[in-house]
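Descriptive analysis of the structure
The primary structure of each chain is shown beneath.
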Number of protein chains: 2
Amino acid sequence: MSQDESALKSVSLTVMKGMAVLAAFDGRTHSMTLAELARATGQDRATARRGALTLVQLGYLQQNGRGFSLTPKVLLIAGGFLQANRFGLHVQPVLNGHAETLGTEITLALREGSDVLLLAQSTLHHGRPVSFGFTVGSRLPLLHTSLGRMLLACEADEALPDLISAAPPPRYTDLSLASPAEITESIRQARADGYAMTDGEFEAGIVGFAVPVSRPGHRGLVVGANVARGAGGTDKDRMLQTLQLCAADLRRNEALEAL
Amino acid sequence: MSQDESALKSVSLTVMKGMAVLAAFDGRTHSMTLAELARATGQDRATARRGALTLVQLGYLQQNGRGFSLTPKVLLIAGGFLQANRFGLHVQPVLNGHAETLGTEITLALREGSDVLLLAQSTLHHGRPVSFGFTVGSRLPLLHTSLGRMLLACEADEALPDLISAAPPPRYTDLSLASPAEITESIRQARADGYAMTDGEFEAGIVGFAVPVSRPGHRGLVVGANVARGAGGTDKDRMLQTLQLCAADLRRNEALEAL
DNA sequence: GCAGTTTGTGCGATTATCGAACATAAGTTC
DNA sequence: GAACTTATGTTCGATAATCGCACAAACTGC
């Protein structure tokens, strides 16, 4: 029996079902009914209901009439990770410092499946927020964001076709690249340049930049920032330079060692 | 059959066990062995192992030799909550704005069981970090922090003795209040004053302030800030005023409606 | 009020889970 | 290196927990 087979034999199907219920609350809607939950998880209605009621009992979900929604207690799970890795001490101040230099928010992200996963973010107080209100734990599209493009550029060539087809490209704006060939070319370009830039592909009027945190032998990790097009002030070279300094500061950051 | 009994009958014991494994990774240690995990959860070793291997299979845990640790994927669970409630749009900018006024970081928190749970924290760059590196999802002590004291002041009188005894007071510094009577008195004082202040009780040399977000009929919610003692600059009245303005701005915040 | 949809519940078949016992591996001390 | 201790991996059968079906109750929209 190989290690994979042994691992599969030791997997608890019921725990998986419970986690699937929890993961179905992915932030797209405020709450879900049992029928929606059963559809989202593909589980029998009665099974999904039992999973949900268990999570209610544990305090991770609350029930309001027919709707179920996550409670703040789920933040503890993320806190377990963030605290164990000392993000608050070692990552957040780095992002905060460079974001102040740059005058716009900075985001640290990696690839999780077919999405960009936001690990940390420094947001500033300015009259007009640049982003959609993303937070730690937010998913962004892999294909049409600068973060995602840069993350794809960190992948091995042979992995790209599958990643690109697994993340079918809905077009967010008229400017979003449509064909896998175009996307592949822009990934190649990002790799050659050492940075990725997208212009209005995900959010109209928003220019995104991303650079890699160079860590050979580790999972791809990137930092990025956005500006509103035409905002002036911060030019491309200065932005890239600051992002690269930030990436350099994160290079041997102990909080990121385990990623 | 009452609603409680019906809920208990529909609870999945196996899902509970799997969640207990996940919750055992509470950030206190970087990783845990199976033996530690079995002890932490009180489960039979083989059961804890199956739970852990299931979570590894799902991507929420990783195994490194004998140690298991959380992966960044757990941030998605928190992201589900933060996104569903629009924290990034509606809460973060409020905290950041007032933190800029105040010149120190501001924290939003509520009570979760016997702990303070950090919901959000401003991300501005201040010259000197005041805190221990707390993050979203961090737990703080209920009894010896200004946040915790203010949260206790939001509780009904008859609930206080149980809450105080459930959170046995380790003393963090020489200045930490030791006896339940002293703690109760300071909670009473916080209630009368409309703010809580602690001086060196949790972190030596750190003065903490907290004020409630007034929301009758809702769970207690507080905002707080810390200063290093002797730092000058920011006086007490100005700090309290800013915290109170921040609390007022959060009073009818739609992101916090469901709490 | 009616039709359609959703939720709650009971029940028994059966499947998944459990933990004991044993084997193997790793770590510590001398 | 040997002996001891601790930890991990595996197998297996008893059985407890889970499952999903069917029905009842509740809700929603016209």
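The rules behind each value
- Residues numbered from 1 in each chain as written.
- Chains lettered and ligands numbered in written order.
- Predicted model: local features only at pLDDT ≥ 70, side-chain atom pairs only at ≥ 80, totals over all residues.
- Heavy atoms only, no water.
- Contact = heavy atoms within 4.5 Å.
- Buried area = accessible area lost by both parts, 1.4 Å probe.
- Salt bridge = Lys/Arg side-chain N within 4 Å of Asp/Glu carboxyl O.
- Polar contact = N/O pair within 3.5 Å; in protein donor to acceptor, adjacent residues only side chain to side chain.
- Helix = DSSP H or I, 4+ residues; strand = E, 2+ residues; numbered from the N terminus.
- Nonpolar A, V, L, I, M, F, W, Y, C, P; charged D, E, K, R; others polar.
- Buried < 20%, exposed > 50% of the residue type's maximum accessible area, 1.4 Å probe, protein only.
- Least-squares fit on C-alpha atoms with pLDDT ≥ 70 in both.
- Disulfide = S-S within 2.5 Å.
- Domains from an automatic or database assignment.
- Axes fitted to C-alpha atoms, helices over the stretch in contact; angles between N-to-C directions.
- Parallel < 35°, antiparallel > 145°, perpendicular 65-115°, else oblique.
- Left-handed = near helix turned anticlockwise from the far one by under 90°.
- 1 Å grid on protein atoms, 1.4 Å probe; cavity = no way out; pocket = protein on both sides within 12 Å on 5 of 7 lines; lining within 4 Å.
- Points joined across faces, edges and corners; volume = space filled by probe spheres on them.
- Pairing = 2+ DSSP bridges.

How large an interface is tends to be reported as the accessible area lost when its parts come together. Across the contact, 70 residues belong to chain A and 68 residues belong to chain B. Taken over both partners, the interface formed by chain A and chain B buries close to 6000 Å², and the fraction arising from carbon and sulfur atoms is 70%. Where chain A meets chain B, there are zero salt bridges. Our count for the contact surface shared by chain A and chain B stands at 15 residue pairs in polar contact (both at pLDDT 80 or more). Secondary-structure elements contributing two or more residues to the side of chain A that touches chain B are α2 (13-24), α4 (45-58), α5 (75-84), α6 (87-90), α7 (92-102), β3 (106-112) and β4 (115-122) of chain A. Per element, the largest residue contribution to the side of chain A that touches chain B is 10 residues, and it comes from α5(A). Tallied by class, residues from the side of chain A that touches chain B come to 35 nonpolar, 27 polar and eight charged.

The next subject is the environment of Met16(A). Structurally, Met16(A) is set in helix α2. Taking the relative accessible area as the measure of exposure, Met16(A) reaches 23% and is therefore partly exposed. Look past the residues within four positions of Met16(A) in its chain and what remains in contact with it is Val11(A), Thr54(B), Gln57(B) and Leu58(B).

This paragraph deals with helix α8 (residues 146-153) of chain A. For α8(A), a buried count of eight out of eight residues is recorded, marking the element as mostly surrounded by other parts of the structure. Along α8(A), the positions that sit buried rather than exposed are Ser146(A), Leu147(A), Gly148(A), Arg149(A), Met150(A), Leu151(A), Leu152(A) and Ala153(A).

With an axial shift of 0.0 Å and an RMSD of 0.3 Å, the rotation relating chain A to chain B amounts to 180°. These values place the two chain copies in the arrangement generated by a two-fold rotation axis. When C-alpha positions in chain A are compared against the rotation axis, the closest is assigned to Val15(A), at 2.4 Å. Taken as a fraction of all interface residues of chain A, those also at the interface in chain B reach 97%, which identifies the copy contact as same-surface.

As a further point, take the state of the cysteines. Evaluated as defined, the whole model comprises zero disulfides over all chains. Cysteine Cys154(A) shares no disulfide, and the gap to the nearest cysteine sulfur, in Cys246(A), comes to 15 Å.

Now for the domain arrangement of chain A. The domains assigned to chain A are domain 1 (3-70) and domain 2 (77-256). Its C-alpha centre places domain 1 of chain A at a distance of 30 Å from the equivalent point of domain 2 of chain A.

This paragraph deals with the packing of α2(A) against helix α4 (residues 45-58) of chain B. At a closest axis distance of 9 Å, the pairing of α2(A) and α4(B) adopts a crossing angle of 50°. The angle between α2(A) and α4(B) falls in the class oblique. When you trace α2(A) past α4(B), the crossing you get is right-handed. Contact residues: Val15(A), Met16(A) and Met19(A) in α2(A); Thr54(B), Leu55(B), Gln57(B) and Leu58(B) in α4(B).

On to the layout of surface pockets. Taken as a whole, the second largest pocket spans an internal volume of roughly 910 Å³. Among the elements of the structure, α5 of chain A together with α2 (13-24) and β5 (139-141) of chain B are those that each provide at least two residues to the lining of the second largest pocket. A class-by-class count of the residues in the lining of the second largest pocket yields 25 nonpolar, 11 polar and seven charged.

As a further point, take the sheet that holds β4(A). Residues and elements named next belong to chain A. Ordered by their spatial adjacency, six strands build an open sheet running β5-β4-β3-β8-β7-β6, and the pairing between neighbours is antiparallel. For this open sheet the edge positions go to β5 (139-141) and β6 (196-199), each flanked by a neighbour on one side alone. Put simply, the sheet's adjacent strands are angled 35° from each other on average, direction ignored. Judged from the seven bridges that link them, β3 and β4 form a sheet pairing that is antiparallel. When the bridges of β4 are listed, Glu112 appears paired with Asp115. Each of β3, β4, β5, β6, β7 (206-212) and β8 (221-228) touches α8; the most contacted strand, β7, lies at about 30° to it.

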